[in-house]
Amino acid sequence: MPKGSMWVVEDKKQKHVFWPNAQMKKRAWANSEKIYAEAEKDRAAFWEKKAKEGLHWFKPWSKAYEENAPYFKWFVGGEINISYNCLDRHLPAKKDKVAILWEPEPTAEKGRAITYGQLHEEVNKLANALRSLGIKKGDRVSIYLPMVPEVMAAMLACSRIGAIHNVVFSAFSGEALKARVEDSEAKVIITCDGYWRRGKEINLKEQSDIAAAMPCVQKQIVVKRLGNKVNMQGGRDYWYHELLAKEKPNCEPERMESNETLFLLYTSGTTGKPKGIIHDTGGYLTQAYWTTLWDFDLHDGDIYWCTADIGWVTGHTYACYGPLAVGATQLIYEGSPDFPDWGRIWGIIEKYKVSVFYTAPTAIRMWKKMGDDWVKKHGLGTLRLLATVGEPIDEEAWMWYFNTIGGGRCPVIDTWWQTETGGTLINALPGIGPFIPTVAGRVFPGAKADIFDDRGKPVEAEDTGFLVFKPPFPPGLLRGIWNNDEKYVETYWSEYGKNIYFTSDGAKWFDKENIRVTGRVDDVMKVAGHRLSSAEVEDAITLHSDVVESAVVPMPDEIKGQVPVVFAVLKPHAKACPECEQSIIQHVGKQIGPTARPAKVYFVDALPKTRSGKIMRRFLRGMLANEKLGDATTLQNPEVVEHLKQIVGYKAPQ
Ligand code: AMP
């Protein structure tokens, strides 16, 4: 432990167990066990009280919670507007408070500080512009923007008029955007001329145009970020700043019934096509508000930075709606953590005096590998709380984050959640603790989790099982899958019946209260914190002219956690060679985006299959991880296993 640490440390099962000291408890919004006890007595009543306390409602609800499993509603009949809660209600006290600090990637370029008053004006003008273009409540708007303040303005403008937004990660390809635009039948795309990434200009408009050619797209709004010349199609494409210049700074917010849809966010499931997760309005914001306030313990004066891209759910809830709903000052950064060098992140923390920092284990492992010298060049003394999300964090990375970045002063809040849950559901609260490396922590007050075996019985203390949630379901939980109700029921409500939410994660109890999440149990992997499914990559590879069939499985990676690896069977005309491997890798990058690019392609004669013809990815996965492999004799083609073992250099565990 660092000298002078303020921690109360307990050693339990050979693990570090940290507890908040008196000062941290005193400061925290949530600092008493009573919170858990009160919520547990009546979970629906707990959320009802919190929705009233935290948010502004135009009309109260008639019923707090209604369930017709696997469907449920929160705050039935209540009317609310998200942008009103994130902006208007703060104006009397916080008009001049900075809402967004923006750091561009080029170090020579000046950043921006946007106050709540200025953001309110921009959002109102954009909302009016969308209405002028014919967009109304329920219409879908795709937002394809990098980390620039306009991305938040766009989300808030949609929420102001009740349009359903779908933000698409700017590193995704035009093809990936097109698939999402098509599925959601978006009428408008909001994009930009380009942005900076690792010192290079990325032409986003070119990619966006691929999707804008879809018949459903009527208009495209283009933010001028780089000022480069781009093709603007007359009658379809409009400059963002020109549209705003014509509009009034006041736009009446739409009164949304609490259960009406706020946004769709596409994520990877076990099938090839990404699913459009549906989030509602009032329930989502209730969970976003209280988890932001309690998990990150934000107070006036804090400078909060969540490094997640807005294209992922963490960006939605904790780099947009949550911090704005609680009236915080938050920082966003356009570029890459290694530009111009590996000291950039620490330099930004020093420059803006960041106090609360939320990032992913994959980034922590990378920074650790790059060495402490980058960190030591900067003063990180303003930090007081650290948090992580996205994948299990190993003890070494946790301790490095705690000691080297947090100087042994800052609690590390390991937050478990999913695109589907809308907000965090398992983590320690900073004023209550405990903070235990590799253990996500306690279930958030008002939610009820359990760990089941494959028959649906709660597991014994030491056993690993499947993480589930019980009713009443947390208010931020998804309300469906866009255009695919069958998939909604099958994915989340079939494993243990329609009354139990199945997370697709493995987990075990650390003690009676704290949960360790072990990772996905389906064919979904986390690559540098990004969610990617085997089937999604396999579907992309199917379109490659040289490949008959393929299997894509994760391989453990020291930095990224996991990386996708391909086993491909080639067509007779094709030659297994490094060029062909590169061509498959590039092809996947073009179809999905650089995050999905396979790390390696193995050319094989056949894939291991069950007698019914299903590819046994489990075997391939086990081989890459040098795990114990199951019985191969039941396969249709057991002989391929030996051959595959040789190709990958499999070493059975001792
Ligand atoms: P996404 O929907 O992209 O946020 O990915 C959700 C998945 O990320 C979960 O199902 C988990 O497998 C994993 N995950 C997220 N946060 C954590 C965490 N703190 N610990 C372990 N796994 C996590």
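Note that the structure is predicted; figures quoted are calculated from it, not measured.

What counts as what
- Residues numbered from 1 in each chain as written.
- Predicted model: local features only at pLDDT ≥ 70, side-chain atom pairs only at ≥ 80, totals over all residues.
- Heavy atoms only, no water.
- Helix = DSSP H or I, 4+ residues; strand = E, 2+ residues; numbered from the N terminus.
- Rg over C-alpha atoms; globule rule 2.2 N^0.38 Å.
- Buried < 20%, exposed > 50% of the residue type's maximum accessible area, 1.4 Å probe, protein only.
- Contact = heavy atoms within 4.5 Å.
- Near = heavy atom within 4 Å.
- Polar contact = N/O pair within 3.5 Å; in protein donor to acceptor, adjacent residues only side chain to side chain.
- Core = buried A, V, L, I, M, F, W, Y, C linked by side-chain atoms within 4.5 Å.
- Pairing = 2+ DSSP bridges.
- Axes fitted to C-alpha atoms, helices over the stretch in contact; angles between N-to-C directions.
- Salt bridge = Lys/Arg side-chain N within 4 Å of Asp/Glu carboxyl O.
- Phe/Tyr/Trp six-rings, centres within 6.5 Å; stacked < 30°, edge-to-face > 60°.

Trainee: Lay out the overall build of the protein in plain terms, naming residues and giving numbers.
Mentor: Of regular secondary structure, the protein possesses 21 helices and 32 strands. Computed over its C-alpha atoms, the radius of gyration of the protein comes to 24 Å, within 12% of the 26 Å expected for a compact globule of 654 residues. The principal-axis extents of the C-alpha atoms in the protein amount to approximately 75 × 65 × 55 Å. For the protein, with 654 residues in total, the buried portion stands at 62%. In the protein, the share of contacts with a sequence separation of at least 24, taken over all contacts with a separation of at least 6, comes to 71%.

Trainee: Report on the site of the ligand, specifying residues and quantitative values.
Mentor: Around the ligand lies a shell of 14 residues, among which Asp414, Thr415, Thr419, Asp505 and Arg531 are the nearest. Contact distances for the ligand include 2.8 Å between a nitrogen atom and a backbone N or O atom of threonine 415. Separating an oxygen atom of the ligand from a side-chain N or O atom of aspartate 505 is a distance of 2.7 Å. Breaking the shell around the ligand down by element, the ones donating at least two residues are strand S22 (412–415) and strand S27 (515–520).

Trainee: Mind laying out the nonpolar core, listing which residues take part and the relevant values?
Mentor: Counting residues in each nonpolar core, the largest one holds 189 residues, and the members touching the most others are Leu119, Tyr321, Trp346, Phe357, Phe469 and Ile515. Tallying contributions element by element places helix H7 (residues 149–161) first for this core, with nine residues.

Trainee: Explain the pairing of strand S16 (residues 261–267) to me, and be specific about the residues and the numbers.
Mentor: With seven of seven residues buried, S16 is to be regarded as a mostly interior element. As paired strands, strand S9 (residues 164–167) and S16 are joined by two bridges and run parallel to one another. If you follow asparagine 166 over to S16, its bridge partner there is leucine 264.

Trainee: So, the sheet that holds strand S26 (residues 501–509): which residues are in play, and what are the values?
Mentor: Strand pairing in a sheet relies on backbone hydrogen bonds. The paired strands run either parallel or antiparallel. Read across the sheet, four strands follow the order S23-S24-S26-S27 without closing on themselves; strand pairing throughout is antiparallel. At either margin of the open sheet sits one strand with a lone partner, and together these are strand S23 (448–452) and S27. When strand polarity is set aside, the average angle formed by the axes of neighbouring strands in this sheet is 45 degrees. When S23 meets strand S24 (residues 465–470), the two strands line up antiparallel, connected through five bridges. Pairing of isoleucine 451 across the sheet is with leucine 467, part of S24.

Trainee: Describe in detail the pattern of salt bridges, supporting the description with residues and values.
Mentor: For the structure on display, the rule yields 43 salt bridges. A salt bridge links glutamate 66 to lysine 63; the shortest N-O distance between them is 3.8 Å. Glutamate 420 is the partner of lysine 275 in a salt bridge, and the nearest nitrogen-oxygen pair spans 4.0 Å. Remark: glutamate 420 occurs in the loop between S22 and S23 and lysine 275 occurs in strand S17 (residues 275–280); sequence separation between them is 145 residues. This pair shows no difference in class: lysine 275 is buried, exactly as glutamate 420 is. Linked through salt bridges whose partners overlap, the residues forming this network are Glu38, Lys49, Lys50 and Glu53.

Trainee: I'd love a proper account of the sheet that holds strand S19 (residues 329–333), names of residues and values included.
Mentor: In spatial order, the strands read S7-S6-S19-S18-S20-S21-S22; together these seven strands make up an open sheet with mixed pairing. Each end of this open sheet is capped by a strand with a single partner; those strands are strand S7 (112–115) and S22. Within the sheet, the average angular offset between the axes of one strand and its neighbour, ignoring direction, is 20 degrees. Judged from the three bridges that link them, strand S18 (residues 303–306) and S19 form a sheet pairing that is parallel.

Trainee: Give me the packing of aromatic side chains: which residues, what numbers.
Mentor: Enumeration according to the criterion identifies 43 aromatic pairs in this entry. Each ring, one from tyrosine 65 and one from tryptophan 74, has its centre 4.6 Å from the other, and the planes form 50 degrees; the classification is tilted. The same class applies to tyrosine 65 as to tryptophan 74, namely buried. A ring pair is formed by phenylalanine 172 and tryptophan 312, whose centres lie 5.8 Å apart and whose planes are at 70 degrees; its orientation type is edge-to-face. Taken together, the residues phenylalanine 172 in the loop between S9 and helix H8 (174–184) and tryptophan 312 in the loop between S18 and helix H12 (313–325) connect sequence positions 140 residues apart.

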